[in-house]
Amino acid sequence: MISVGGANPGFARGRRLRSTPALRRLTAQTRLAPADFVLPVFVKQGIDEPVAISSMPGVVQHTLDSLRKAAHEAADAGIGGLMLFGIPGEKDAVGSQADAADGIVNVALRQLRSDLGDELVLMADLCLCEYTDHGHCGVVTPAGVVDNDPTLDRYAAVAVAQAQAGAHVIAPSGMMDGQVAAIRAALDGAAYTETPVLAYAAKYASGFYGPFREAAEGAPQFGDRSTYQMDPPNADEALREVAQDLAEGADAVMVKPALPYLDIITRVADAVHVPVSAYQVSGEYAMVEAAAANGWVDRERAILETLTAIRRAGAGTVLTYWAVEAARLLRR
Ligand code: PBG
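Residues numbered from 1 in each chain as written. Predicted model: local features only at pLDDT ≥ 70, side-chain atom pairs only at ≥ 80, totals over all residues. Heavy atoms only, no water.

Chemist: Explain the pairing of strand 5 (residues 121-126) to me, please; I cannot follow it from the model alone.
Modeler: Side chains on a regular strand alternate between the two faces of the sheet. Along strand 5, five of the six residues are buried, which leaves the element largely enclosed by surrounding structure. Pairing analysis gives four bridges linking strand 4 (residues 81-87) to strand 5, with the strands arranged parallel. Bridge pairing in strand 5 links Met83 to Met123. Between the parallel elements strand 4 and strand 5, the chain passes through helix 3 (residues 104-116) in a crossover that is right-handed. (Buried < 20%, exposed > 50% of the residue type's maximum accessible area, 1.4 Å probe, protein only. Helix = DSSP H or I, 4+ residues; strand = E, 2+ residues; numbered from the N terminus. Pairing = 2+ DSSP bridges. Right-handed = clockwise from strand over helix to strand, strands pointing away.)

Shown next, in the form of structure tokens:
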């Protein structure tokens, strides 16, 4: 039997390097920095004041003005970027407001780009679910099935509108087959050859999107998203989705949600040589906030631990509703 006692010279003891905060800091294998974080934000048409989202304490639907203020704060906190979601005043079957030049998200992009220039990376989430009256991520057939190829034409138009409005990065999240190729071709055709595509490549049909549907008002009115988003039991399929998106021209890929899919983050990060992001989604946020509100977990500690775990798994960038707060915590 090997003795781990102090009388055994030369035996590496785990506790030696843990004995002071400075030693732990020196030997930490994973570090968090504000620049790793992207803040998802919601901007809603036709409101005068920010609207609180009850299932996401601390997160709001912004007015154009409150979004500008939040964006300046985000820049001051030194985070990497914003991911924009728009909630239009009117929805229709094809999500017309997603690519309307005066649609809320495009107006917001234009303002933020003119306010901030290139100080923050402005990412535009590209999907139709916030813009369609049926709440699905694409156009639907009369039988109620999400119709892949006609949806690609819509995504192409939305990508160009978002690039035109000032988005630095286009981030398609609808999980249609061929979406990256369609968007890349449209961007190139409109001379946005330098605008990168961040593909939500491995996006699972997740119960953890619940609070987001309140925030973005995009719950499906019938059915669910399991015919286009990935099935939680599958891992190899994530690698196939990632490979397909890269073959279609994606510049970076995302795994979503984050904490329940750390194994997927690791496998993707090991498999590719492009930047890998992970999206810590609304339900992940809500779980910690709810537990903390009950006094069941130490809130700040839990926040930083989840972010560390996601980075340790292999994500370079983390999309998180705590982006600005976490950046401030790290500065203390
Ligand atoms: C839209 C979209 C969703 C999220 C990001 N983009 C919702 C969904 O797919 O149902 C979820 C983000 C979150 O829960 O924080 N396609």
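Chemist: Explanation requested: the pairing of strand 6 (residues 169-172) in the structure shown.
Modeler: The alternating pattern of strand 6 places Val169 and Ala171 on one face and Ile170 and Pro172 on the opposite face, and all of these are buried. Alignment of strand 5 against strand 6, held across four bridges, turns out to be parallel. The residue of strand 6 that forms the bridge with Ala124 is Ile170. In this region the chain leaves strand 5, passes through helix 4 (residues 148-165) and returns to the parallel neighbour strand 6; the handedness of that crossover is right-handed.

Chemist: Explain helix 9 (residues 282-293) to me, please; I cannot follow it from the model alone.
Modeler: Look at helix 9: 16 Å from first C-alpha to last across 12 residues, which is about the 16 Å you get at 1.5 Å a residue. Taking burial as the measure, the 12 residues of helix 9 include nine buried ones, the bulk of the element. Buried within helix 9 are the following residues: Ser282, Gly283, Glu284, Tyr285, Ala286, Val288, Glu289, Ala291 and Ala292. As for helix 9, its buried residues are in contact with helix 6 (210-216), strand 9 (276-279) and helix 10 (299-313). After helix 9 finishes, the residue Gly295 shows a positive phi value of roughly 80°. (Expected span 1.5 Å × (residues − 1). Contact = heavy atoms within 4.5 Å.)

Chemist: I tried to follow the nonpolar core on my own but got confused; where do I start?
Modeler: In summary, soluble globular proteins display a tendency toward joint burial of nonpolar side chains. Grouped together as the largest cluster of nonpolar side chains are 101 residues, with contacts concentrated most on Phe42, Ile79, Leu82, Met83, Leu84, Ile264 and Tyr279. Ignoring anything within four residues of it in the chain, the contact list for Phe42 reads Ile53, Val59, Val60, Gln61, His62, Phe85, Ile87, Phe212, Ala215, Ala216 and Tyr321. (Core = buried A, V, L, I, M, F, W, Y, C linked by side-chain atoms within 4.5 Å.)

Chemist: So what exactly am I meant to see when it comes to the packing of helix 8 (residues 262-271) against helix 10 here?
Modeler: How two helices pack is summed up by the angle between their axes together with the distance between the axes. With their axes 8 Å apart at the nearest point, helix 8 and helix 10 run at an angle of 35° to one another. Counted together, Leu262, Ile265 and Thr266 of helix 8 and Ala309, Ile310 and Ala313 of helix 10 form the full contact between these two elements. Tallied by class, residues from the contact of helix 8 with helix 10 come to five nonpolar, one polar and no charged. (Axes fitted to C-alpha atoms, helices over the stretch in contact; angles between N-to-C directions. Nonpolar A, V, L, I, M, F, W, Y, C, P; charged D, E, K, R; others polar.)

Chemist: For this particular structure, what's the right way to read a positive patch on the surface?
Modeler: Judged by side-chain charge, Arg13, Arg15, Arg16 and Arg18 come together as a positively charged surface patch. For Arg13, the position within the fold is in the segment before helix 1 (21-27). Judged by relative accessible area, which is 41%, Arg13 ranks as partly exposed. (Patch = residues over 30% accessible without salt bridge, like charges linked within 9 Å, V, L, I, M, F, W, Y side chains within 5 Å. Areas by Shrake-Rupley, 256 points an atom, 1.4 Å probe, with all protein chains shown as cover. Salt bridge = Lys/Arg side-chain N within 4 Å of Asp/Glu carboxyl O. Lys, Arg positive; Asp, Glu negative; His and termini not counted. Charge placed at Lys NZ, Arg CZ, Asp CG, Glu CD.)

Chemist: What exactly am I supposed to notice about the layout of surface pockets here?
Modeler: The gaps left among the atoms become clear once a water-sized probe is rolled over them. Taken as a whole, the largest pocket encloses approximately 440 Å³ of empty space. In terms of lining, the largest pocket is formed by 21 residues, of which the most central are Leu39, Gly58, His62, Ala70 and Val324. A total of five residues in the lining of the largest pocket trace back to one element, the largest contributor, which is helix 2 (residues 64-77). Residue classes in the lining of the largest pocket are distributed as 12 nonpolar, three polar and six charged. Considering only enclosed or pocket space, the second largest pocket measures out at about 260 Å³ in volume. As for the second largest pocket, its lining consists of Pro21, Arg24, Arg25, Ala28, Thr30, Arg31, Leu32, Leu304, Thr308 and Leu330. Going through the elements one at a time, helix 1 and helix 10 are the ones with two or more residues in the lining of the second largest pocket. (1 Å grid on protein atoms, 1.4 Å probe; cavity = no way out; pocket = protein on both sides within 12 Å on 5 of 7 lines; lining within 4 Å. Points joined across faces, edges and corners; volume = space filled by probe spheres on them.)

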